[in-house]
Amino acid sequence: MTIISTQPIAGQKPGTSGLRKKTPIFMGEHYLENFVQAIFDVVGAAGKTFVLGGDGRYFNDTAAQIILRMAAANGAARVIIGQGAILSTPAASHLIRLNKTDGGIIMSASHNPGGPTEDFGVKFNISNGGPAPESVTEAMYKRTTDISEYHILETADIDLGKIGRTSVGDMIVDVVDPVANYATLMESLFDFPAIAALFKGGFRMRMDSMCAVTGPYAVEILEKRLGAASGTCVNATPLPDFGGMHPDPNPTWAKALMDEMFGANSPDFGAASDGDGDRNMVVGAGAYVSPSDSLAVLAANAHLAPGYAAGLKGIARSMPTSAAADRVAVSLGIESYETPTGWKFFGNLLDAGRATICGEESFGTGSDHVREKDGLWAILLWLNILAVRKQSVAAILAEHWAKFGRNYYSRHDFEAIASNKADAMMAALRGSLATLPGQTLEGLTVQAADDFAYTDPVDGSISKAQGVRILFEDGSRIVLRLSGTGTEGATLRLYLERYAAGPEGLDLDPQDALAPVIRAAHTLAKIENYTGRVTPDVIT
Ligand code: G1P
Ligand code: ZN
């Protein structure tokens with residue numbers, strides 16, 4: 001059946017990770033349908049095979065039924081879907097690659113809260129398993145502005161509860177175990193016997209899945225396959241509203257885990273993951289690991305895991321991520337890459353075999369095993385390293401800083417600012433860049449200032465205006481950019497970094513170490529003048 005839709009979703013631009021909106025908007029008449037039709041119009045559906053799954057948030061199941069019926073009506077040959085329409089983002093990426101499909105649709109708003117009044121999202125991943133590049137999402141956006149009809153089959157709901165083959169119209173639907181293939185992939189990369197021996201020796205861990213998608217994955221891998229004590233995994237049942245949690249694994253939103261790890265008799269190792277399972281936070285007993293440091297430590301020690309024993313080809317990080325990983329690349333004698341924010345920019349480097357490990361300051365780390373960041377992967381690589389080095393997280397961090405120096409790092413987020421105010425602030429800052437070099441503030445002298453532009457070393461594509469960078473002569477750095485994933489007004493992200501070579505001054509509180517850089521940032525960007533804000537909403 002073809003439906004002539006009366007409301008094109010003009011103006012709804014997919015951001016850094018697909019299209020995210022409030023759930024009621026997605027549930028509105030024709031809204032999801034128009035976006036899905038735009039996807040199929042751009043990538044073509046006839047005769048193709050896709051993967052489909054989501055993080056289980058409110059509307060996940062209904063949306064899956066709609067997408068299946070639309071895929072069938074658009075002539076798709078086959079859809080591989082996780083049981084109950086569940087797939088973590090990294091597991092979906094893996095299934096796309098394993099089955100050599102033409103791509104996949106992932107239903108998630110990542111770490112944003114879920115529920116009837118919270119967020120929903122849809123994104124398309126291409127056949128390499130990674131997020132669609134900008135050229136593709138731009139084409140989808142353009143299509144949404146002039147779409148006038150969509151195709152959908154009229155059928156009863158498909159039973160997604162039973163593993164096995166079924167069909168919708170002429171299209172095959174394969175309902176698969178969401179966890180099994182992913183768990184096998186992890187087993188091929190990491191030394192499971194060594195990690196199992198660690199747990200057997202009394203090593204205690206807390207894994208907080210924040211009532212989101214990684215629960216079943218964590219229970220299967222950590223408790224069942226690796227023998228971690230039952231109860232190691234908490235908040236392990238995915239709920240449509242994430243039990244009211246904000247499933248973003250950082251010290252603010254994973255506070256219960258932080259409290260436990262910094263409390264008396266804490267476990268040896270703690271970890272959390274986000275709504276769709278691609279983000280991670282790791283924390284040792286009394287030792288928080290910043291994501292930028294986590295990337296650097298993982299890169300420096302990856303060879304201890306069987307999947308990376310041959311060494312790394314290169315390390316890639318997003319521009320706002322600290323330079324800690326670059327220092328590891330130098331010491332390993334391998335290339336390092338600085339890309340714009342968003343995992344999609346790592347895809348070409350991974351496909352071309354130029355990078356093995358990638359990371360972002362926003363609690364994202366991953367490797368060439370899939371084309372998404374992967375929360376449980378990072379947690380398992382940490383476990384593998386801990387099992388081999390037989391040291392605490394705190395000791396591993398201290399040794400890392402003693403060897404490489406420490407890149408103190410923090411991100412300050414100012415949320416739900418009126419978009420016009422945020423835009424005016426960024427425009428003024430961009431306009432002032434040429435005047436900044438040579439200026440001294442808070443004892444820091446500006447060496448260079450620019451608006452980050454990236455030329456992809458593989459395909460030559462250019463991405464401009466990716467964030468303002470202000471570099472100081474002592475190596476300190478300020479970065480400002482507006483979020484591309486928020487759903488309410490604008491979010492200003494202020495990234496702060498300062499390098500300490502050591503051996504003294506390696507164990508300061510990051511906010512103290514960064515205090516002059518923070519003050520300089522507020523003065524330079526006139527944050528209060530433009531937005532009225534002084535205090536960030538979230539500090540990571
Ligand atoms: C945020 C993070 C970015 C990440 C993206 C998707 O995007 O900052 O690193 O790739 O979520 O998880 P932003 O809201 O800053 O555009
Ligand atoms: Zn996510």
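One can find the structure itself at the top, above this paragraph.
So, a few notes on the structure that sits alongside this text. (Residues numbered from 1 in each chain as written. Chains lettered and ligands numbered in written order. Predicted model: local features only at pLDDT ≥ 70, side-chain atom pairs only at ≥ 80, totals over all residues. Heavy atoms only, no water.)

1. Considering the overall build of the protein chain
Applied cut-off: The helix and strand labels rest on DSSP assignments: H or I over at least four residues marks a helix, E over at least two residues marks a strand, and numbering proceeds from the N terminus. The globule rule is 2.2 Å times the number of residues to the power 0.38, and the radius of gyration it is compared with is taken over C-alpha atoms. Here the term buried applies to any residue with accessible area under 20% of the maximum for its type, exposed to any over 50%, and partly exposed to those in between, with areas from a 1.4 Å probe on protein chains only. Any two residues whose heavy atoms approach within 4.5 Å are treated as being in contact. Working definition of accessibility: Shrake-Rupley area with a 1.4 Å probe, residue cover restricted to the visible protein chains. The convention is simple: Lys and Arg are positive, Asp and Glu are negative, and His and the chain ends are not counted. The location of each charge is read from NZ of Lys, CZ of Arg, CG of Asp or CD of Glu.
A count of helices and strands for the protein chain gives 18 helices and 27 strands. In terms of overall dimensions, the protein chain is globule-like: its C-alpha atoms have a radius of gyration of 23 Å, near the 24 Å expected for 540 residues. Projected onto the principal axes, the alpha-carbon positions of the protein chain cover approximately 70 × 60 × 40 Å. Expressed as a percentage of its 540 residues, the buried residues of the protein chain come to 58%. Taking contacts inside the protein chain between residues at least 6 apart in sequence as the whole, the part at least 24 apart equals 72%. Of the roughly 19,400 Å² of accessible surface on the protein chain, 51% is carried by carbon and sulfur atoms. Charged side chains of the protein chain number 45 positive and 60 negative; the gap between the two group centres comes to 3 Å.

2. Describing the coordination of the zinc ion (ligand 2)
Condition: For Na, K and Ca the donor cutoff is 3.2 Å, while for all other metals N, O and S atoms count as donors only within 2.8 Å; water does not appear among the atoms, so some sites may look incomplete. Here a site with four donors is tetrahedral if all angles are between 85 and 135 degrees, and a site with four or six donors is square planar or octahedral if opposite donors are over 155 degrees apart and the other angles are between 65 and 115; anything else gets the irregular label.
Note on the zinc ion (ligand 2): its protein donors are Ser 110 (OG), Asp 274 (OD), Asp 276 (OD) and Asp 278 (OD). The metal-donor distances range over 2.0 to 2.1 Å. Considering all four donor atoms around the zinc ion (ligand 2), angles at the metal cover 87 to 158° and the coordination shape is irregular. Sequence spacing of the donor residues for the zinc ion (ligand 2), all on one chain, is S-x163-D-x1-D-x1-D. Taken together, the residues span a long stretch of sequence, with Ser 110 in the loop between β5 (104–107) and β6 (119–125) and Asp 278 in the loop between β12 (269–273) and β13 (280–284) at a distance of 168 residues. Here the two residues Ser 110 and Asp 278 agree in accessibility, since each one is buried.

3. Observations concerning the environment of Val 42
Mapped onto the secondary structure, Val 42 falls in helix α2 (residues 31–43). Its relative accessible area of 31% is what places Val 42 among the partly exposed residues. The spatial distance from the C-alpha of Val 42 to the C-alpha of Arg 406 is 46 Å, given a sequence separation of 364 residues. In this structure Val 42 touches Val 136, Ala 139, Met 140 and Arg 143, once residues within four positions along its chain are discounted.

4. Considering the nonpolar core
Counted only if it meets this: As used in this record, nonpolar core signifies buried Ala, Val, Leu, Ile, Met, Phe, Trp, Tyr and Cys residues forming a set joined through side-chain atoms within 4.5 Å.
Formed by 105 residues in total, the largest nonpolar core has its most connected members in Phe 190, Trp 377, Leu 383 and Ile 478. With 11 residues, the top contributor of residues to this core is helix α13 (residues 375–389). Not counting residues within four places of it along the chain, the set of residues in contact with Ile 478 comprises Val 468, Arg 469, Ile 470, Phe 472, Leu 494, Tyr 495, Leu 496, Val 517, Ala 520, Ala 521 and Leu 524.

5. Topic: the pattern of salt bridges
Which entries qualify depends on this criterion: Salt bridges are defined by distance alone: a side-chain nitrogen of Lys or Arg within 4 Å of a carboxyl oxygen of Asp or Glu.
One pass over the full model with this rule turns up 28 salt bridges. Among the salt bridges present, the one from Asp 55 reaches Arg 57, with a minimum N-O distance of 3.0 Å. For the pair Asp 55 and Arg 57, one class covers both residues: buried. Put simply, Arg 317, Asp 326, Glu 338, Asp 450, Arg 469, Arg 477 and Glu 497 are held in one network by salt bridges that share partners.

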